[in-house]
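# An overview of the molecular structure
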Amino acid sequence: MTMRQTMTAYRVHAFGPPQAIVPEKIERPMPAAGEVLVKVKAAGVGPWDGWIRSGHSALPQPLPLTLGSDLSGTVEAVGPDVTHVVRGDAVYGVTNQRFVGAYAEYAIAATGMIARKPATISDIEAASIPVIAVTARQALFDHAKLDAGQTVLIHGAAGNVGAYAVQFARKAGLTVIATASGGDVEMVGKLGADTVIDFRSQRFEDLSHEVDAVIDLVGGQTQTRSFAVLKRGGRLVSAVSQPDQELAKAHSVEALFFLVEVTTAQLADIAAMVESGALVTQVGTVLPLSEAIAAHEMLEGTRPHAKGKIVLSVTA
């Protein structure tokens, strides 16, 4: 009888604050059909990890669970019927539909949610990309259905999703109006926004009119006020909260909230853009996996961190 190998994973047994995260030795999982086992080199940290940890996930999350979705690493083993990747391939992407499992030395990933890692960047940079970049792309093109020559207003353009949205919109030939706070205005302009509105000192309603779509990455009153700047038949797309359908009807526009769907095809397209230099990543604070609690304190704003994506470096 062979002993199953173990690994360290950062898990929660009860929903709660960052201190609910505990390191644990567990059996290394084996990939089933349509899955691969990835030796994790880096894992991205995003707001959804905090929602899952605290019990506010949009999806059922049976306990105990290993946190984390974004990852970059090397394929260690493949399940039955897996053909587009082989052992030893460098890959990046997302673990599964539940967005769990990546804060570990090894993680199972659905093959339809990973792709070859961009060859020109590190694992840490690659792990910072998947969820936020695919969210930005799907907001603009799958949901807002924007085409070259149209105008988009992007709220929260200096944030992790917003920075990608500005870049994708610019590359697609859209006219880009973006909102950001004073210190980020210059950076958002460099990413490709045609007009950057400092929301602390300017009202976006005074500087944007008849736009084809609004990408809402902020929510609250910003979302509510955005209906007024859309043209009739325009679209408000939120990655944050469900928009008011009565307001949408009153303004003769469509308004929707969506959850990202990460696919191999989207990841492959994004990887090609990274490799060609058409897309810039923005990694913020990098911590070892053992500092997962500190990473979540940064998510919650109780511990300072650099602007950009928080990433955990994994060394097994």
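So, here's what we can say about the structure.

Parameters at a glance
- Numbers given to residues run from 1 along each chain, matching the order in which its sequence is written.
- For a predicted model such as this one, the threshold for reporting local features is a pLDDT of at least 70, and the threshold for listing and counting side-chain atom pairs is 80 or more; totals across whole chains, interfaces and linings nevertheless cover every residue.
- Hydrogens are left out, water is left out, and the side-chain values use all remaining heavy atoms of the structure.
- Only Phe, Tyr and Trp rings are paired, with Trp represented by its six-membered ring, and only when their centres lie within 6.5 Å; those with planes under 30 degrees apart are stacked, over 60 edge-to-face, the remainder tilted.
- Here a strand is any run of E in DSSP of at least two residues, a helix any run of H or I of at least four, and the numbering for each starts at the N terminus.
- Each residue is placed in one exposure class: buried if its accessible area under a 1.4 Å probe, protein chains only, is under 20% of its type's maximum, exposed if it is over 50%, and partly exposed if it falls in between.
- Each pair of strands is called paired provided DSSP finds at least two bridges between the two strands.
- By definition in these notes, contact holds between two residues if any of their heavy atoms fall within 4.5 Å.
- Bend at a residue means the angle formed by two fitted axes: the first through the 7 residues ending at that position, the second through the 7 residues beginning there.
- We define a polar contact as two N or O atoms separated by no more than 3.5 Å, with the added condition that, inside protein, one atom must be a possible hydrogen donor and the other a possible acceptor, whereas residues neighbouring each other in sequence contribute only through side-chain atom pairs.

## Some words on the packing of aromatic side chains
- Under the counting rule described, the total for this entry stands at 2 aromatic pairs.
- Measuring from ring centre to ring centre gives 6.4 Å for tryptophan 48 and phenylalanine 99, while their planes differ by 80°; the resulting arrangement is edge-to-face. Of this pair, tryptophan 48 sits in helix H1 (residues 47-54) while phenylalanine 99 is found in the loop between strand E6 (90-94) and strand E7 (106-110), placing the two residues 51 residues apart along the sequence. Like phenylalanine 99, tryptophan 48 is buried.

## As for the pairing of strand E12 (residues 211-216)
- Extensive coverage of E12 is indicated by the burial of 6 of its 6 residues.
- One ladder, built from 3 bridges, connects strand E9 (residues 151-154) with E12; its direction is parallel. Of the residues in E12, the one forming a bridge with valine 152 is alanine 213.
- Bridge analysis of E12 against strand E13 (residues 230-238) gives 5 bridges, and the strand direction is parallel.

## Some points on the side chain of serine 72
- In this fold, serine 72 is placed in strand E5 (residues 70-78).
- Those residues within four positions of serine 72 in sequence are excluded, and the remaining contacts are Lys39, Val40, Lys41, Ala42, Val91, Tyr92, Lys117, Asp123, Ala126 and Ala127.

## Thoughts on the sheet that holds strand E2 (residues 21-27)
- Reading across the sheet, the 3 strands line up as E2-E1-E4 and stay open at both edges, with antiparallel pairing between neighbours. The open sheet has two edge strands, E2 and strand E4 (65-66), and neither has a second partner.
- Direction of pairing for strand E1 (residues 6-12) relative to E4: antiparallel, over a ladder of 2 bridges. Across the sheet, the residue bridging to arginine 11 is threonine 66, located in E4.

## Some remarks on helix H3 (residues 130-143)
- At arginine 137, H3 is bent by approximately 25°, the largest bend along its length.
- By the criterion of burial, H3 is predominantly enclosed, with 11 of the 14 residues buried.
- All of the buried residues along H3 are Pro130, Val131, Ile132, Ala133, Val134, Thr135, Ala136, Arg137, Gln138, Ala139 and Leu140.
- One or two residues past the end of H3 sits lysine 145, with phi positive at roughly 55°.

## Re the environment of serine 54
- Checked against the element boundaries, serine 54 lands in helix H1.
- Exposure remark for serine 54: the relative accessible area of 24% places this residue in the partly exposed category.
- Residues within four places of serine 54 in sequence aside, it is in contact with Phe15 and Gly16.
- Engagement of the side chain of serine 54 in a polar contact is seen with the backbone oxygen of tryptophan 51, the distance being 3.2 Å.

These figures capture arrangement, not role.
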